[in-house]
Every structure is written in C-alpha cells, then in structure tokens.
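A look at the structure
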Amino acid sequence: MAKTWGVTFEGQEVSLQTLVNHDRVDLKFGIDAEKNVYMMSKTEGKIYRIED
C-alpha cells in the first residue's frame, strides 16, 4: 500500500499530489539565512515556505 503524505495549505489539509497538481511529487527543500525552510515543486516551479 502506498503512503500518502499531506500538508496544511491555506487552512486545508491536502495531499502533496493535490498541492502540486500532479501524480508525481518531485520536491526540493532549502533553508535561508533566517532559518526559514522552503519547499519547491519541480513540477510547477512554485516555492512554498514551511511554517509551524
């Protein structure tokens, strides 16, 4: 059985597939000088800042 990962985006819990609008979830993660964590969707080229 495949595991589905999700996130809360704009107050709604969504799967990563829904977030990137594609069956394939290809993500990159990064951190800036202020220690903010970011996630980039390679499929659509969007960058999301991860918050607590």
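The shown structure was predicted, so the numbers you read here are calculated from the model rather than taken from an experiment. Every chain is numbered independently, its residues counted from 1 as its sequence is written. Owing to the predicted nature of the model, reporting of local features is limited to residues with pLDDT of at least 70; listing and counting of side-chain atom pairs is limited to 80 or more, with chain, interface and lining totals taken over all residues. Calculated side-chain values reflect all of the structure's heavy atoms, with hydrogen atoms and water omitted.

1. Details of the overall build of the protein chain
Secondary structure is summarised from DSSP: a helix means a run of H or I of at least four residues, a strand means a run of E of at least two, and numbering begins at the N terminus for each. Helix and strand counts for the protein chain come out as one helix and five strands. Overall, the protein chain is about 40 × 25 × 20 Å in size when its C-alpha atoms are taken along their principal axes. Per-residue accessibility, obtained with a 1.4 Å probe over protein chains only, is compared with the maximum for each type, and a residue is labelled buried under 20%, exposed over 50%, and partly exposed between these values. Looking at the 52 residues of the protein chain, the share that counts as buried comes to 15%. By sequence separation, contacts in the protein chain at least 24 residues apart represent 6% of the contacts at least 6 residues apart. Note on areas: Shrake-Rupley, 1.4 Å probe, and residue coverage restricted to the protein chains presented here. Only carbon and sulfur atoms are counted for the fraction: they give 49% of the accessible area of the protein chain, which is about 4600 Å². In this tally, Asp and Glu contribute negative charge and Lys and Arg positive charge; neither His nor the terminal groups of the chain are included. By convention, the charge on Lys lies at NZ, on Arg at CZ, on Asp at CG and on Glu at CD. Between the averaged position of the 7 positive side-chain charges in the protein chain and that of its 9 negative side-chain charges there is a distance of 8 Å. When checking whether two residues touch, look at their non-hydrogen atoms; a contact exists if any pair is within 4.5 Å.

2. Some words on the nonpolar core
Listed in full, the six residues of the largest apolar core are L16, L19, V20, L27, M39 and Y48. For this core, the leading source of residues is helix α1 (residues 16-20), giving three residues. Residues in contact with M39, not counting those within four places in the same chain, are L19, L27, K28, F29, K46, I47, Y48 and I50. What we call a nonpolar core is a set of buried Ala, Val, Leu, Ile, Met, Phe, Trp, Tyr and Cys residues that are connected through their side-chain atoms within 4.5 Å.

3. Observations regarding unusual backbone geometry
Residues other than glycine predominantly adopt negative phi, and peptide bonds predominantly adopt the trans conformation. Residue E10 is not a glycine yet carries a positive backbone phi of 50°. Among the secondary structure elements, E10 is positioned in the loop between β1 (6-9) and β2 (12-15). Notably, N21 is not glycine yet its phi reads approximately 60°, a positive angle. Looking at where N21 falls in the secondary structure, it is placed in the loop between α1 and β3 (27-31). Residue N21 is classed as exposed on the basis of its relative accessible area of 66%.

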